[in-house]
Amino acid sequence: MKTIRVTAAIICDDMENPTKIFATARGYGEFKGQWEFPGGKIEEGESPENALLREIREELDTDIEVGSLIHTIEYDYPAFHLSMDCFLAKVNAGDLVLKEAEAARWLTKSELYDVQWLPADLSLIALLEKRMR
């Protein structure tokens, strides 16, 4: 099975004590309308952190600070295996402009399960729930 390596930003209001996180709804493809953390494919020769900086500029027209790696998700979709490095992040400069997503929300701890997460991203929600205040 083909493996796709991606990186995702858990953009939050405070990387030490987050009270809300930013999520987007896919605007295209098989999982259109389902929710995920922004990010994308890691290109050859690129670190996950540099890929994340590039992807967030492309998708959200925003510069972020990439924090610590909090989890690597390994998930089997029917057509491929996903390996996703998930980093805490915060906005450094710019407004979060949706260029590819159809919607976005800042979610509090009590709202984490209010959206329909992509299957791979769902595995991260319980971990985030423990980190949030």
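Before any of the text, the structure's been laid out above.
Bear in mind that the values here come from a model prediction, so they are computed numbers and not experimental data.

Caption draft 1: The nonpolar core, seen in detail. Counting residues in hydrophobic clusters, the biggest one holds 29 residues, and the most contacted among them are Ile10, Ile21, Phe37, Cys86, Trp117, Leu124 and Leu128. Looking at this core, the elements with two or more residues in it are strand S1 (3–11), strand S2 (20–25), strand S5 (63–76), strand S6 (81–93) and helix H2 (119–131). Residues within four places of cysteine 86 in sequence aside, it is in contact with Ala8, Ile10, Ser68, Leu69, Ile70, His71, Ile73 and Leu124.

Caption draft 2: Structural context of unusual backbone geometry. Its identity as a non-glycine residue notwithstanding, aspartate 61 has a phi of 55°, on the positive side. Assignment of secondary structure puts aspartate 61 in the loop between helix H1 (48–60) and S5.

Caption draft 3: Quick look at H1. Counted at 1.5 Å a residue, the expected span for H1 with its 13 residues is 18 Å, and the 17 Å between its end C-alpha atoms agrees. Turning to H1, its buried residues number three or more, namely Pro48, Ala51, Leu52, Arg54, Glu55, Ile56, Glu59 and Leu60. Next to the buried residues of H1 lie S1, S2, strand S4 (39–41), S5 and S6. Following H1 by one or two positions, aspartate 61 has its phi on the positive side, about 55°.

Calculation rules
- Residues numbered from 1 in each chain as written.
- Predicted model: local features only at pLDDT ≥ 70, side-chain atom pairs only at ≥ 80, totals over all residues.
- Heavy atoms only, no water.
- Core = buried A, V, L, I, M, F, W, Y, C linked by side-chain atoms within 4.5 Å.
- Buried < 20%, exposed > 50% of the residue type's maximum accessible area, 1.4 Å probe, protein only.
- Helix = DSSP H or I, 4+ residues; strand = E, 2+ residues; numbered from the N terminus.
- Contact = heavy atoms within 4.5 Å.
- Expected span 1.5 Å × (residues − 1).

Purely geometric numbers; function is a separate question.
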